[in-house]
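# Observations on the three-dimensional arrangement
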Amino acid sequence: MNTQTRPPGGRIAAFFDLDKTVIAKSSAFVFSKPFFDQGLLNRRTVLESSYAHFLFLLSGADHDQMERMREHLTKMCAGWDVNQVKAIVAETLHELVEPLIYAEAADLIADHKIRGHDVVIVSASGEEMVGPIAAALGATHTAATRMVVENGRYTGEVEFYCYGEGKVEAMRRLAATEGYDLAHCYAYSDSITDLPMLSAVGHPTAVNPDRGLRREAVTRGWPVLTFSNPVSLWARIPAPSSTTVAATAVVGLSAVVAGAISYRLLRRRR
């Protein structure tokens with residue numbers, strides 16, 4: 001592993017795709033049940049989402065599938081109350097998403113943070129879902145799809161689609177504002193549709209790659225990682241002491257260090 005922490009004249013960030021890279025399922029699919037329970041989705045839509053998620057897990061998603069998914073999701077959420085969506089995500093995040101986070105991804109994120117790198121979650125899912133997940137992971141920034149909102153409700157139009165070249169646009173925008181040197185940055189993804197994202201940095205890595213990305217990674221000599229152990233973040237962090245603030249800080253730091261060490265050991269075994 002490259003031990004460099006900061007290049008001359010630039011900061012370093014590690015850009016992570018979300019679905020099948022950091023979490024074991026599609027983030028949009030995970031929230032389909034609570035959205036159904038709250039009346040935002042009907043039964044047919046939930047069944048369609050389940051089938052789409054099955055195909056996504058089986059073979060990934062190509063460009064045409066992602067475009068159809070974008071059109072489907074924008075039509076589906078037209079008229080939804082934004083605050084209601086945010087409340088559902090906040091109420092169900094711990095139960096639904098945190099047990100799906102790959103232990104290997106959490107360790108890798110901890111490793112980057114220990115090395116002084118910023119961590120950025122970059123996802124085609126909506127920012128209302130991606131933001132809280134990224135916060136639970138301790139990410140520095142997020143880049144996600146944004147919907148047009150009027151009078152507190154989604155119009156069904158997309159303001160920014162964080163997919164394909166859109167991810168690269170978001171990364172370059174962050175690089176300009178945060179001073180990242182993309183030639184020294186890292187990126188991780190599972191999908192061939194994220195080839196632009198991976199190609200935009202100096203240290204790309206394929207994680208749980210679909211067939212197309214695996215071929216590209218082998219051809220280009222990129223590292224390939226397999227993440228297969230989803231666990232709860234809370235299960236990985238010991239309960240902090242209530243005696244002093246200092247003790248709490250020590251526990252938190254110990255958890256981060258342990259994650260980094262675990263990831264280094266994992267890489268050595270591979």
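The coordinates are above.
Residues numbered from 1 in each chain as written. Predicted model: local features only at pLDDT ≥ 70, side-chain atom pairs only at ≥ 80, totals over all residues. Heavy atoms only, no water.

## So, the packing of aromatic side chains
All chains considered together, the criterion is met by four aromatic pairs. Above the face of the phenylalanine 160 ring, arginine 173 is positioned so that its terminal group lies 5.4 Å from the ring centre. (Phe/Tyr/Trp six-rings, centres within 6.5 Å; stacked < 30°, edge-to-face > 60°. Lys NZ or Arg CZ within 6 Å of the ring centre and 35° of its normal.)

## Topic: the sheet that holds strand 6 (residues 186–189)
Across the sheet, which stays open at both edges, the seven strands sit in the order 5-4-3-1-6-7-8 with mixed pairing between neighbours. Strand pairing shows two members of the sheet lacking a second neighbour, strand 5 (153–160) and strand 8 (224–225), which therefore form its edges. When strand 1 (residues 13–16) meets strand 3 (residues 118–126), the two strands line up parallel, connected through four bridges. If you follow alanine 13 over to strand 3, its bridge partner there is aspartate 118. (Pairing = 2+ DSSP bridges. Helix = DSSP H or I, 4+ residues; strand = E, 2+ residues; numbered from the N terminus.)

## Quick word on the nonpolar core
If you look at the biggest cluster of nonpolar residues, it comprises 28 residues, and the most contacted ones within it are Phe16 and Val22. Among the secondary structure elements, those contributing two or more residues to this core are strand 1, strand 2 (101–102), helix 6 (103–114), strand 3, helix 7 (127–137) and strand 6. Excluding its chain neighbours within four sequence positions, the residues that come into contact with valine 22 are Phe16, Asp17, Leu100, Ile101, Tyr102, Ala105 and Leu137. Formed by 25 residues, the second largest nonpolar core is a distinct cluster that contains Ala143, Val168, Leu195 and Val201. (Core = buried A, V, L, I, M, F, W, Y, C linked by side-chain atoms within 4.5 Å. Buried < 20%, exposed > 50% of the residue type's maximum accessible area, 1.4 Å probe, protein only. Contact = heavy atoms within 4.5 Å.)

## Points about the environment of isoleucine 23
Inspection of the secondary structure puts isoleucine 23 in the loop between strand 1 and helix 1 (27–30). Among the residues examined, isoleucine 23 registers a relative accessible area of 0% and is labelled buried. Along the chain, isoleucine 23 and alanine 105 lie 82 residues apart, while their C-alpha atoms are 8.2 Å from each other. Not counting residues within four places of it along the chain, the set of residues in contact with isoleucine 23 comprises Leu18, Val97, Leu100, Ile101 and Tyr102.

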